[in-house]
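A structural walkthrough
Spelled out, the chains give:
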Amino acid sequence: MITLDPSPTSRRATPIRTAEILCVGTELLLGDIVNTNAAFLSKELAAMGISVYHQTVVGDHPDRLRTALADAFEGHGRPAADLVILSGGLGPTYDDLTKETVAAYFGRSMEMHPESLTRIRDFFTRTGRVMTPNNEKQAMMPLGCVVFPNDYGTAPALAVGDETHTAIMLPGPPAELVPIFREQVIPFLRKHTEGVLISRNIHIMGLGESAVETILHDLMVSAENPTVAPYCKSGEVRLRVTAKAADEAAAAAMCDEVVANILQHPQISPHVYGVDCDNVETALVRLLTDRGLTVSTAESCTGGMIGARITAIPGASAVYAGGFVTYTNDMKTRLLDVSPATIEVHTEVSAEVAAEMAVGARKNTGADVGLATTGYAGPGGGTEKNPVGTVYVGIATKDGVATHRLYYRQKSRDYVREAAASRIMLEAIRSIL
């Protein structure tokens, strides 16, 4: 970090407690680029105990950007932010005006920063590109700012502010923003924060968000630190437990006590597939690895989705034996040894066919566990007995085969396939345990 002509107004007199994320770029408003920066920054700030109350997106327009900056810092009918983190608008073109607008807000003049200019020139030399004169604009900095050198691109990041407000400007590309924030901005911010936030995430499947809230209502309402809150995602619920304390160890201990109590709840524990794991496939791969087991898949309506999700997890090669996508009855018979008579009597969407598919996948790959899905994902198909949204899953192990009928009413094709893939992996975990 390099400070340009440091002044007393560069040093905060109060701790940072609240923040707003202000993403700059007309392309974000047009939907040409997905705004992943806001999600990343919110999560990182929360981990430092900084509350994010607002996220704003504004186009490449200096007047609108200044208004958004004033709204964030001054409140104007909403909680004012101690910190505003801006992403984007640090490039070399005429419409990249984030630095100039923020500098004007704080009454700072713009000065050339020779070290940044040298780094930018070196970057172009290293990459074998010709540096055009407009790139020098990226080395112009507000007087008194803190510069965070960019080892991943040309535009440096920077911080500027006064005794009560701080603005941090980051380049827009995530490949630059993420490492700069983690390596340089977090250490800078930690000097101005009070304590940390730690979260534990309990992953629940087979209960809806409303059911989880009903079961744990009293705990959720009464909990203040840690807090307990449910979040719904496709086919599952994430229960987040968050504590704030002076240090990570203390906050973690507070979370762990609440998590332990929740995991002992008789209505919740049967539906938990993991704590602090990214998804159910990660939990399955971990369990298979720990037990020294292998799994294979036979998929009809999910079309290879289960195998794809399992093999996306590092280390899956040690536990995934292989899979079959048997979309037609002929393939079910030829590759998985499903009896034509079973299909004739029970139809291809049935518990009986799911069971034979799972057994065939396990037998024909030599895996310890065989998983199978067959169903009507929609929008067409379905019968009176098994309408669209019905999926049968089969789990075959050395102890036998179990089947489950799943039904997702009035859901999209993608939802049915994703939810069924998730649910069968949960049932596999239960079978192994």
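Whatever comes next refers back to the structure up there.
To keep things clear, this report deals only with the structure shown in the data block. (Residues numbered from 1 in each chain as written. Predicted model: local features only at pLDDT ≥ 70, side-chain atom pairs only at ≥ 80, totals over all residues. Heavy atoms only, no water.)

Digging into the sheet that holds strand 18 (residues 400-407)
- Pairing is mixed across the open sheet formed by 5 strands, whose spatial order is 15-14-16-17-18. For this open sheet the edge positions go to strand 15 (320-325) and strand 18, each flanked by a neighbour on one side alone. Here the average twist between neighbouring strands, direction ignored, is 15°. (Pairing = 2+ DSSP bridges. Helix = DSSP H or I, 4+ residues; strand = E, 2+ residues; numbered from the N terminus. Axes fitted to C-alpha atoms, helices over the stretch in contact; angles between N-to-C directions.)

A few points about the environment of Asp 276
- Inspection of the secondary structure assignment puts Asp 276 in the loop between strand 13 (272-275) and helix 10 (280-291).
- By relative accessible area, Asp 276 is classed as partly exposed at 34%.
- Beyond its immediate chain neighbours, meaning those up to four positions away, Asp 276 contacts Ser 199, Arg 200, Asn 201, His 203 and Arg 286. (Buried < 20%, exposed > 50% of the residue type's maximum accessible area, 1.4 Å probe, protein only. Contact = heavy atoms within 4.5 Å.)

Structural notes on the sheet that holds strand 12 (residues 236-245)
- Strand order in the open sheet formed by 4 strands is 11-12-10-13, and the pairing between neighbours is antiparallel. Both edges of this open sheet fall to strand 11 (227-233) and strand 13, since each of them pairs with a single strand only. Adjacent strand axes in the sheet meet at a mean angle of 25°, parallel and antiparallel pairs treated alike.
- Summarising the sheet, strand 10 (residues 196-204) and strand 13 pair through 3 bridges and their orientation is antiparallel. If you follow His 203 over to strand 13, its bridge partner there is Gly 274.

Describing the pairing of strand 2 (residues 18-24)
- A large share of strand 2 lies buried, amounting to 7 of its 7 residues.
- A two-sided burial pattern is seen for strand 2, the buried positions comprising Thr 18, Glu 20, Leu 22 and Val 24 on one face and Ala 19, Ile 21 and Cys 23 on the other.
- Both strand 2 and strand 4 (residues 83-87) contribute to a ladder of 5 bridges, which runs parallel. The residue of strand 4 that forms the bridge with Ile 21 is Ile 85.

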